[in-house]
Amino acid sequence: MNFHIMTLFPEMVMQGLDTSIIGRAMENGIIDIEAVNIRDYAFNKHNKVDDYIYGGGAGMLMQAEPVYLCYEAIAGRIKDKRGGEYKPRVIYLTPQGEVFSQKKAAELALEDDLILLCGHYEGIDERVLEEIVTDNISIGDYVLTGGELPAMIVVDAVSRLIPGVLGSDVSAEFESFHDNLLEYPQYSRPEVWHDKRVPEILLSGHHANIEKWRHEQSVIRTKQRRPDLLT
Ligand code: SAM
């Protein structure tokens with residue numbers, strides 16, 4: 001899987017992703033992440049990529065042309081690599097998008113190339129969004145200063161569903177949101193901590209009973225914390 005992140009702050013994105021599990025997956029060539037600086041496609045001598053908003057209002061807007069040129073450069077490289085008329089999926093990170101979910105992550109994990117577009121300031125000129133964006137994704141009902149953190153969240157959630165990124169393929173299988181359930185409580189050593197014992201059943205070695213207990217706990221926890229998932 002190749003992620004192409006269009007941003008004004010490539011260092012922020014790469015520093016955030018180039019560690020731990022995702023960093024290792026990059027090192028092992030399982031995923032590839034490039035952060036492309038939209039400012040490199042500015043068409044004026046001051047490298048300016050934002051301007052005032054027509055109709056008035058506070059703040060600045062990212063202009064259409066640098067975003068479009070940056071997209072064309074990335075899409076052109078993807079096309080050269082794949083041949084044909086392939087149009088890559090372009091995700092605009094925006095508070096106005098569909099709220100990101102595990103289901104959406106699983107859908108995106110099937111792609112070979114994903115372009116992620118990070119806005120800044122008051123956002124991006126609508127005209128270029130109309131031309132290039134295929135998906136609008138929000139990470140929640142609040143407004144951030146930029147799309148970089150949301151892009152990193154999408155890359156992380158999608159990457160860990162790609163075979164080989166996690167230590168074992170099973171790790172992603174029985175987690176929260178699988179079958180619309182939250183994960184059951186988990187415990188590690190020691191057996192007693194602050195007078196709290198690990199539930200006896202988990203020490204029994206009886207796998208069928210442990211699975212049954214875990215499923216029950218998942219249902220109880222989901223009912224308590226996220227009843228909406230059960231409907
Ligand atoms: N004026 C825009 C609005 O009201 O919809 C908000 C712009 S926000 C200050 C700047 C950029 O941050 C957006 O273009 C988007 O890329 C990103 N952003 C902010 N909140 C986000 C969220 N909840 N999910 C995804 N991206 C977000």
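By convention here, each chain's residues receive numbers from 1 onward along its written sequence. With pLDDT at 70 or above as the cut-off, local features in this predicted model cover only qualifying residues; side-chain atom pairs require 80 or more to be listed or tallied, and sums for whole chains, interfaces and linings still use all residues. Excluding hydrogens and water, the side-chain figures rest on all heavy atoms present in the structure.

Trainee: Tell me what's going on with the nonpolar core, and back it up with residues and numbers.
Mentor: Residues belong to a common nonpolar core when they are buried Ala, Val, Leu, Ile, Met, Phe, Trp, Tyr or Cys residues joined through side-chain atoms within 4.5 Å. A simple rule labels every residue: compare its accessible area, found with a 1.4 Å probe on the protein chains alone, to the largest value its type can have, and call it buried under 20%, exposed over 50%, or partly exposed in between. The biggest cluster of nonpolar side chains holds 28 residues, and the ones touching the most others in it are Phe3, Ile5, Leu17, Ile31, Ile33 and Val158. For this core, the leading source of residues is helix α6 (residues 148-159), giving six residues. If we skip the residues at most four places from it in the chain, Ile33 touches Phe3, Ile5, Met14, Leu17, Ile22, Met26 and Val155. Formed by 24 residues, the second largest nonpolar core is a distinct cluster that contains Ala42, Cys70, Ile74 and Val90. Put simply, DSSP H or I for four residues or longer makes a helix, DSSP E for two residues or longer makes a strand, and each gets a number counted from the N terminus. By definition in these notes, contact holds between two residues if any of their heavy atoms fall within 4.5 Å.

Trainee: Requested: an account of the site of the ligand, with residues and values cited.
Mentor: Any residue with at least one heavy atom within 4 Å of a molecule or strand is counted as near it. Of all residues adjacent to the ligand, which total 21 residues, the nearest are Tyr92, Leu93, Gln96, Tyr142 and Leu144. Contacts to the ligand include Glu122, whose backbone N or O atom sits 3.0 Å from a nitrogen atom. Between N or O atoms, a polar contact is any pair within 3.5 Å; within protein, one atom must be a potential hydrogen donor and the other a potential acceptor, and residues adjacent in sequence are included only when both atoms are from side chains. A distance of 3.5 Å is found between an oxygen atom of the ligand and a backbone nitrogen or oxygen belonging to Gly146. For accessible areas, the Shrake-Rupley method is used with a probe of radius 1.4 Å. Any residue's cover is judged against the shown protein chains and nothing else. For the ligand, whose accessible area on its own is 580 Å², the fraction buried by protein is 86%.

Trainee: Describe the domain arrangement of the protein, with residues and values.
Mentor: All the domain ranges listed were derived from an automatic or database domain assignment. Under the domain assignment, the protein is made up of domain 1 (2-166) and domain 2 (174-230). Placing a centre on the C-alpha atoms of domain 1 and another on those of domain 2 gives a separation of 36 Å.

Trainee: Now, about the pattern of salt bridges: what can you tell me, with residues and values included?
Mentor: In what follows, salt bridge is the name for a side-chain nitrogen of Lys or Arg lying within 4 Å of a carboxyl oxygen of Asp or Glu. Per the counting criterion, the structure on display carries 17 salt bridges. One salt bridge connects Asp125 with Arg127, and the closest N-O pair in it is separated by 2.7 Å. When the shortest N-O distance is used, the salt bridge between Glu191 and Arg197 registers 3.5 Å. If you follow the salt bridges from partner to partner, you end up with Arg89, Glu98, Lys104, Glu107, Glu111 and Asp135 in one network.

Trainee: Go over the layout of surface pockets, please, and point to the residues and values.
Mentor: Definitions used throughout: a 1 Å grid over protein atoms alone; a cavity as a set of points that fits a 1.4 Å probe which cannot get out; a pocket as an open set with protein on both sides within 12 Å along at least five of seven lines; a lining residue as one with an atom within 4 Å of a point. Grid points are joined across faces, edges and corners, and a volume is the space filled by probe spheres set on the points. Put simply, the largest pocket is a space of about 550 Å³. Where the lining of the largest pocket is concerned, the elements lending two or more residues are β5 (89-99), α5 (126-132) and β7 (135-138).

Trainee: Provide a residue-level description of unusual backbone geometry, including the pertinent values.
Mentor: One can expect most non-glycine residues to show negative phi and most peptide bonds to be in trans. In this structure, the amide linkage connecting Arg189 to the following residue, Pro190, adopts the cis form with an omega of 5 degrees. The residue Pro190 is located in the loop between α6 and β8 (192-193) in this model. At Ser20, a position not held by glycine, the phi torsion is positive, near 50 degrees. In this structure, Ser20 sits in helix α2 (residues 20-27). With relative accessibility at 53%, the residue Ser20 sits in the exposed group. Positive phi, normally seen in glycine, also occurs at Phe177, with a value near 80 degrees. Among the secondary structure elements, Phe177 is positioned in the loop between α6 and β8. Assessed through its relative accessible area of 36%, Phe177 is described here as partly exposed.

Trainee: I'd love a proper account of a nonpolar patch on the surface, names of residues and values included.
Mentor: A contiguous nonpolar surface patch, about 360 Å² in accessible area, is contributed by Met12, Tyr142, Leu144 and Leu149. In this structure, Tyr142 sits in the loop between β7 and α6. Residues with no salt bridge and a relative accessible area higher than 30% make up the patches, which join like charges within 9 Å and nonpolar side chains (Val, Leu, Ile, Met, Phe, Trp, Tyr) within 5 Å.

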